[in-house]
Amino acid sequence: MRVTVRRVVLVAVGIYCLLTFYTAYILLSSNWKGDVDKSSPRGKENLPNDDEIINRRSQQREGEDEWNPWGEEFEKNRVKTVAPKKKEVSWDWNKDLDFGKKFNKKKNSTSDEFEIEVWGKAAIGLYLWEFILGGTLEEKMGGIWTYGFKRIYKLKFKFRTGPGVIPSKAPHDTRNLILVLNGREQSKIEFATIWLDYLPSFPYLQNVAVFLLGNEQCDNDWIKPYLKRNGGMVDLLFVVYDSKWVDDDVVFQWPLGVATYRKFPKRDKDDFPVNSIRPYLCNFVGTVYPNSSRQALMDIMNKQDLQKECFIKAREEWSPDESPGTRQQYVKALLQSDLTLSPVGQNTECYRIYEACEYGSIPVIEDRMTPGTCGNNDKYNNAPLRLLKHHKPPFIFVKDWSELPTVLEEYRMLSPQDKVVRRRKVLEWCDKFKGKMKDRFLRIINQKFFPKKT
């Protein structure tokens, strides 16, 4: 009898263990399959190319969590749009990087605050965010997404940039938008119009401002139909270069700024050698085009034998890329030169002016209009560089490079103390100029986006 009971107990225990192991196997295999479907592009069929690329790039780093960079609003507030329907891509949510939740905390918030999305699809967006607004950025997935947020008075800005910023991933409940686009050449214009054509897909969109890196000849007619006064959705246009459209009502001029696309470094205000003696009288680092004023500049420098006093590095072909070595060499040239020579290129306004200003090297600018449709209008008559001239910069302007020997001779006569004084003036002006651009930008957004609420 005891043997029979023992056998029954053993059989019961065995069956229980088998059922337990089988249940565990089912649960584990189901979860594993679900994870594969979520994280791998192979778990979805016929995904659009842009989504497939984002998924593939997001998994290149082992152990890196996936993140939905558009914030939880995109996950929870999907709406029907007039744009072609695209299959959604699943993203595993990382709560520690929940940009939406961190930004939307209710502590100390008031009902009269306004959220503004800033989507950067041109490098001037980084100049706006980091150099003008003083925002910070955090990268995810190796730079596929870069984001930041900043509250300024009653305005709450969300900044998003990177190759992963595509129209189909934008939060469709956006009400106030600043879109940064590149319209410098035809291929960039074609990409920019994709974004502008997609705007009607956002059903709650109320206000739109575009920051445009315009054509260097100010040929920007392609964007006219998108302005609200012409039947489009763009309320405000901030455009780089001396466009004749600028009226300070709908179209505003915006500074080119530094070359953020080449990762030009910000100046450390707390650890900057303001009072140091700089070994070079001047510098010129740039491309020299045949039969240009740059060639005339080089001829004068060679004739005056200025290579001994000035840091000169010229090249025959322009390149958009910078290695850490060439970037460091350029920054060193600015830091070690009293003056930075700035001949015209495709346009009088160039990155070099702002970069020299950032490092206290006084720009010597060739004050000459370049071919194209840029210039004066009924309201402004001091082109080129009318935005800079309006703020009275402590720069040196020359009409012709034949004036350079006189400029350099006058600067040689200055004492080291006088040079430091002029350097400080340039640095102070640079900081004040960015402060004025920030105040002007915020004032325009407040007045145009929220006229009855501020």
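Residue numbers here run from 1 along each chain, matching the order of that chain's written sequence. Local features in this predicted model are restricted to residues of pLDDT 70 or higher, and side-chain atom pairs are both shown and tallied only at a pLDDT of 80 or more, whereas totals for entire chains, interfaces and linings draw on every residue. With hydrogens and water set aside, each side-chain value is computed from the structure's full complement of heavy atoms.

Asker: I'd like a rundown of the overall build of the chain, residues and numbers included.
Answerer: Here a strand is any run of E in DSSP of at least two residues, a helix any run of H or I of at least four, and the numbering for each starts at the N terminus. Scanning the chain from terminus to terminus reveals 12 helices and 13 strands. Looking at the chain residue by residue over its 454 residues, the buried ones come to 48%. Residue pairs in contact within the chain that sit at least 24 positions apart in sequence constitute 75% of those at least 6 positions apart. On the chain, roughly 24,000 Å² of surface is accessible, and the fraction owed to carbon and sulfur atoms is 51%. In this scheme, a residue with accessible area under 20% of its type's maximum is buried, one over 50% is exposed, and one in between is partly exposed, where area comes from a 1.4 Å probe on protein chains only. Two residues form a contact once any of their heavy atoms are found within 4.5 Å. What sets the accessible areas is the Shrake-Rupley method with a 1.4 Å probe; for residues, cover comes only from the shown protein chains.

Asker: Describe in detail the nonpolar core, supporting the description with residues and values.
Answerer: Here, nonpolar core means buried Ala, Val, Leu, Ile, Met, Phe, Trp, Tyr and Cys residues that are tied together by side-chain atoms lying within 4.5 Å of each other. Judged by nonpolar contacts, the single largest core of 86 residues is most densely connected at Phe157, Trp254, Phe441 and Ile445. Among the elements that make up this core, the one with the highest residue count is helix H12 (residues 416–449) (11 residues). One finds Ile144, Val165, Ile189 and Ala192 within the second-largest nonpolar core, a separate group that totals 30 residues.

Asker: With reference to specific residues and values, describe the sheet that holds strand S3 (residues 145–152).
Answerer: Pairing between strands is defined by DSSP: at least two bridges between the two strands are required. With mixed pairing, 8 strands are arranged side by side in an open sheet as S2-S3-S4-S1-S5-S6-S7-S8. In this open sheet, the two strands that pair with only one neighbour each are strand S2 (138–140) and strand S8 (251–254). If you compare each strand with its neighbour and ignore which way they point, the axes differ by 20° on average. Relative to strand S4 (residues 155–161), S3 is paired through 7 bridges, and the arrangement is antiparallel. Note on S4: the bridge partner recorded for Lys150 is Phe157. Between N-to-C directions, angles cover 0 to 180 degrees, with each direction set by a line fitted to C-alpha atoms, over the stretch in contact for helices.

Asker: Kindly report on the pattern of salt bridges, identifying the contributing residues and their values.
Answerer: The salt bridge criterion pairs a side-chain nitrogen of Lys or Arg with a carboxyl oxygen of Asp or Glu, the two atoms within 4 Å. According to the stated counting rule, one finds 26 salt bridges in the structure shown. Between Glu113 and Lys156 there is a salt bridge, and its shortest N-O distance comes to 4.0 Å. In this pair, Glu113 is assigned in the loop between helix H4 (99–103) and strand S1 (114–120) and Lys156 in strand S4, connecting sequence segments 43 residues apart. Of the residues examined, Lys156 reaches a relative accessible area of 6% and is grouped as buried. Residue Lys308 pairs with Asp305 through a salt bridge whose shortest N-O separation is 3.4 Å. Looking at Lys308, the relative accessible area reads 70%, which means it is exposed. Residue Asp305 is classed as partly exposed on the basis of its relative accessible area, which comes to 38%. Several salt bridges converge on common partners, so that one network encompasses Glu113, Glu115, Arg151, Lys156 and Lys158.

Asker: A description of the sheet that holds strand S10 (residues 310–315) should follow, citing residues and the corresponding values.
Answerer: Here we have 5 strands laid out as an open sheet, ordered S10-S9-S11-S12-S13, and parallel in their pairing. Looking along the sheet, the strands with just one partner apiece sit at the ends: S10 and strand S13 (396–398). Adjacent strand axes in the sheet meet at a mean angle of 20°, parallel and antiparallel pairs treated alike. Sitting on the sheet, helix H7 (residues 293–303) touches strand S9 (280–287), S10, strand S11 (337–342) and strand S12 (362–366), and the angle it makes with S9 is about 145°.

Asker: Can you tell me about the state of the cysteines, naming the residues and giving the values?
Answerer: Here, two cysteine sulfur atoms that lie within 2.5 Å of each other are counted as a disulfide. Tallied over the entire structure, the rule returns 2 disulfides. For Cys218, the disulfide goes to Cys374, at an S-S distance of 1.9 Å. Around the S-S axis, the bridge from Cys218 to Cys374 shows a dihedral of about 100° and counts as right-handed. Of this pair, Cys218 sits in the loop between strand S6 (207–213) and strand S7 (236–240) while Cys374 sits in the loop between S12 and helix H10 (386–390), placing them 156 residues apart in sequence. One exposure class covers both Cys218 and Cys374, and it is buried. With its sulfur 1.9 Å from that of its partner, Cys282 forms a disulfide with Cys310.

Asker: Provide a residue-level description of the pairing of S10, including the pertinent values.
Answerer: Pairing between S9 and S10: 6 bridges, direction parallel. Bridged to Thr287 within S10 is Arg315. For crossovers, right-handed means that the path from the first strand over the helix to the second runs clockwise, given strands pointing away from the viewer. For the crossover from S9 across H7 to S10, the handedness is right-handed.

Asker: Go over the packing of aromatic side chains, please, and point to the residues and values.
Answerer: Within a pair of aromatic rings, the relevant descriptors are the distance that separates the centres and the angle that separates the planes. Two rings belonging to Phe, Tyr or Trp (six-membered ring only in the last case) form a pair when the distance between their centres is within 6.5 Å. Interplanar angles under 30 degrees mark stacking, angles over 60 mark edge-to-face geometry, and anything in between is tilted. Counted by the stated rule, this structure contains 22 aromatic pairs. A centroid spacing of 5.3 Å and a plane angle of 25° characterise the contact between Phe238 and Phe252, whose relative ring orientation is stacked. In this pair, Phe238 is assigned in strand S7 and Phe252 in strand S8, connecting sequence segments 14 residues apart. Given a relative accessible area of 0%, Phe238 falls into the buried group. Note on Phe252: relative accessible area 3%, which makes it buried. Through successive ring pairs, a cluster of aromatic residues spans Phe157, Phe211, Phe238, Phe252, Trp254 and Phe441. Lying across the ring of Phe397, Lys389 places its NZ or CZ 5.6 Å from the centre. Criterion for a charge above a ring: Arg CZ or Lys NZ at most 6 Å from the ring centre, at most 35 degrees from the ring normal.

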